[in-house]
Amino acid sequence: MVSLLNEQIDVRSTDKGNPARFTWRGHTFRVRRIIGDWPATTEASGNRTHLLRVSAESEAGEPSIIDISKDVASDRWTMRRQWN
């Protein structure tokens, strides 16, 4: 099942800037690995969103595949989709 969310999340990153964990709706998820990485582009569209697909684990140990994105201009992260 896929849930389309587009909700703001709080992300804690590694020293290299990769997300290590994030909080969504009061729950913390640990990023186990990055599956896909689509960096922001500077094309005419002006799209400055960095999209990542991650394998994450909830506090209860439940695995999920989650798409998160970062708006480069505002430095805000959004949880876009979750596959359970």
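Above this text sits the structure in question.
Residues numbered from 1 in each chain as written. Predicted model: local features only at pLDDT ≥ 70, side-chain atom pairs only at ≥ 80, totals over all residues. Heavy atoms only, no water.

> Hey, could you run me through the environment of D71 in this one?
Its location among the elements puts D71 in strand β5 (residues 63–71). On the basis of relative accessibility, which here comes to 32%, the residue D71 falls in the partly exposed class. Excluding residues that lie within four positions of it along the chain, D71 makes contacts with R48 and R76. A distance of 2.9 Å separates a polar atom in the side chain of D71 from the backbone nitrogen of S74. (Helix = DSSP H or I, 4+ residues; strand = E, 2+ residues; numbered from the N terminus. Buried < 20%, exposed > 50% of the residue type's maximum accessible area, 1.4 Å probe, protein only. Contact = heavy atoms within 4.5 Å. Polar contact = N/O pair within 3.5 Å; in protein donor to acceptor, adjacent residues only side chain to side chain.)

> What am I meant to see in the sheet that holds strand β2 (residues 19–24) here?
Two modes of strand pairing occur in sheets, parallel and antiparallel, and in both the strands are linked by backbone hydrogen bonds. Strand order around the closed barrel formed by six strands is β1-β2-β3-β4-β5-β6, with antiparallel pairing between neighbours. When strand polarity is set aside, the average angle formed by the axes of neighbouring strands in this sheet is 45°. As judged from the six bridges shared by strand β1 (residues 2–13) and strand β6 (residues 76–83), these two strands associate in the antiparallel manner. Within β6, the position partnered with L4 by the bridge is R81. (Pairing = 2+ DSSP bridges. Axes fitted to C-alpha atoms, helices over the stretch in contact; angles between N-to-C directions.)

> Honestly, the nonpolar core in this entry has me stumped. Any pointers?
The nonpolar side chains of soluble globular proteins are, as a tendency, buried together. Ranked by internal contacts, the top residues of the largest apolar core, which has 14 residues, are I9, F22, W24, V54, I66, I68 and M79. Ignoring any residue separated from it by four or fewer positions in sequence, one finds I68 in contact with I9, P19, H50, L51, L52, V54, W77, T78, M79 and R80. (Core = buried A, V, L, I, M, F, W, Y, C linked by side-chain atoms within 4.5 Å.)

> I keep staring at unusual backbone geometry and nothing clicks. Help me out?
Trans is the common state for peptide bonds, and a negative phi is the common state for residues other than glycine. Unlike most non-glycine residues, N6 shows phi in positive territory, near 55°. Mapped onto the secondary structure, N6 falls in strand β1. By relative accessible area, N6 is classed as partly exposed at 48%. Positive phi, close to 65°, is recorded for D75, a residue that is not glycine. With respect to the helices and strands, the residue D75 is situated in the loop between β5 and β6.

On their own, these measurements won't tell you what the molecule is for.
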